[in-house]
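Coordinates in review
Spelled out from the first residue to the last, the chains are:
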Amino acid sequence: MKKDDLCISNKTFSSRLLVGTGKYKDEIEALKSIEISGAEIVTVAVRRIDFSNKNSQSILDFISPDKFTILPNTAGSYNVKDAVRMAKLGREILGGEELVKLEVLNDPETLLPNMDMTIKAAEILVKENFDVMVYCTSDYESCKKLEDLGCVSIMPLAAPIGSGLGIIEPDKIQRIIDSVSVPVIIDAGIGTASDASIAMEMGADAVLLNTAIAKSKNPLDMAMSMKLAVQSGRLSFKSGRIPKSNASPSSPLSGIIES
Amino acid sequence: MKIFVNGTPTEIPLDLNIYMLLDQLDVQKKHIAIEINENIIFKTDWESTKLEEGDKIEIVKAIGGG
């Protein structure tokens, strides 16, 4: 099988599955699941240290930046200023790493991205030399704008964060995949393995998910399932599916026995 | 003097730099970031940065997230 690396901002990755580290029972389960998933890029959030809990360790004590590419997010931002602040804090935590997952949301209920603010924040962060991987809606114009601004990956949602609904607007996602030249990563809303496979079969460059593994009944097995689903979908895309058509027999029509 | 650490009013001695504050709070110094009044203080400046009355300090780390 030919090498088929994912390239983001001059870095290459053999896995096309990116995973989050939230919602796990504990850090040990998170680490085991992530290792099984084969993911190389792993997202984290930035939050205040809780001084009432002296023993609280950092997620990075378990998920080592020496082993994984850590992608700090700006989750919890509902305006441009907070998103930029959060990105800078994330970069500082990681000792100057430039990759950031930008997300600026409308509200805590729908968790849908606010594209006006996302575009403004992306513009600032690109100017500040961040490699911006941007969480966004499947709005074509916004995605093109984000690409033009210099984002290194466009990450439209399959469905709202944590919803597990799968790809709810496939036509819009397909148009983005077909017209954006930086990697398109389907982020959020994946519920099960087939959702991830479908995204990859559509030609997405990668899939980013968290809840689908972390909140499944058996995260370790689901992590393997997602790894295989992404690989399977990618192979299927590269192999080229047959066109949908009327029935056509797989066995020859000649030489059939007579009654 | 009084400063605010992650939103909580905190009494500290005069002439404390960031390293000393972290020791006082018993915080591990790896993989954290610090802001004073919304400006990031780079690790290289922790030693030379003295805290002042009313400073708003944010001390953050990475946690699980998607």
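Everything that follows concerns the structure shown earlier in this document.
This brings us to the overall build of chain B. Of the regular secondary structure elements, chain B holds one helix and five strands. For chain B, the N- to C-terminal ordering of α and β elements is β-β-α-β-β-β. Relative to the 2.2 N^0.38 estimate, which gives 11 Å for 66 residues, the radius of gyration of chain B is 12 Å and therefore close to what a compact globule would have. C-alpha atoms of chain B, sized along the principal axes, occupy 40 × 25 × 20 Å. A buried classification covers 24% of the 66 residues belonging to chain B.

Across the boundary between the two partners, chain A contributes 28 residues, which contact 20 residues of chain B. Contributing elements (two or more residues each) for the side of chain A that touches chain B: β4 (41–48) and α2 (80–93) of chain A. Counting residues per element, the side of chain A that touches chain B draws most heavily on β4(A), which supplies six residues. Of the residues belonging to the side of chain A that touches chain B, the class tally is 14 nonpolar, eight polar and six charged.

Among the nonpolar cores identified, the biggest contains 90 residues, and A:Leu102, A:Val132, A:Val134, A:Val207 and A:Met226 are the most heavily contacted of them. Those residues in contact with A:Val207, other than ones at most four positions away along the chain, are A:Arg16, A:Leu17, A:Ile185, A:Ile186, A:Ile190, A:Ala196, A:Ala199, A:Met200 and A:Val230.

Another point: the sheet that holds strand β6 (residues 99–102) of chain A. Residues and elements named next belong to chain A. The strand order β6-β7-β8 describes an open sheet built from three strands, whose pairing is parallel. Looking at the sheet topology across the chains shown, the edges are occupied by β6 and β8 (153–156). The average angle at which neighbouring strand axes cross in this sheet is 20°, direction not considered. With four bridges connecting them, strand β7 (residues 131–136) and β8 associate as parallel partners. When the bridges of β8 are listed, Tyr 135 appears paired with Met 155.

Let us look at helix α8 (residues 219–239) of chain A. Residue and element names in this part refer to chain A. The end-to-end C-alpha distance of α8, which contains 21 residues, comes to 30 Å, matching closely the 30 Å that a straight helix rising 1.5 Å per residue would cover. Taken residue by residue, α8 has Pro 219, Met 222, Ala 223, Ser 225, Met 226, Lys 227, Ala 229, Val 230, Gly 233 and Arg 234 as its buried positions. Turning to α8, the residues buried within the fold contact β3 (17–20), α1 (27–37), α6 (193–201), β10 (206–209) and α7 (211–214). Once α8 ends, the next one or two residues include Gly 240, with phi positive near 85°.

Let us look at the pairing of β10(A). Residue and element names in this part refer to chain A. Here β10 shows two buried faces, one formed by Ala 206 and Leu 208 and the other by Val 207 and Leu 209. Direction of pairing for β3 relative to β10: parallel, over a ladder of three bridges. Looking at β10, one finds that Val 19 is bridged to Leu 209. Here strand β9 (residues 185–187) pairs with β10 via three bridges, running parallel. Note that in β10 the partner of Asp 187 across the bridge is Leu 208.

Basis of the calculations
- Residues numbered from 1 in each chain as written.
- Chains lettered and ligands numbered in written order.
- Predicted model: local features only at pLDDT ≥ 70, side-chain atom pairs only at ≥ 80, totals over all residues.
- Helix = DSSP H or I, 4+ residues; strand = E, 2+ residues; numbered from the N terminus.
- Rg over C-alpha atoms; globule rule 2.2 N^0.38 Å.
- Buried ≥ 20, exposed ≤ 12 C-beta atoms within 10 Å, placed from the backbone.
- Contact = placed C-beta atoms within 7 Å.
- Nonpolar A, V, L, I, M, F, W, Y, C, P; charged D, E, K, R; others polar.
- Core = buried A, V, L, I, M, F, W, Y, C linked by C-beta atoms within 7 Å.
- Pairing = 2+ DSSP bridges.
- Axes fitted to C-alpha atoms, helices over the stretch in contact; angles between N-to-C directions.
- Expected span 1.5 Å × (residues − 1).

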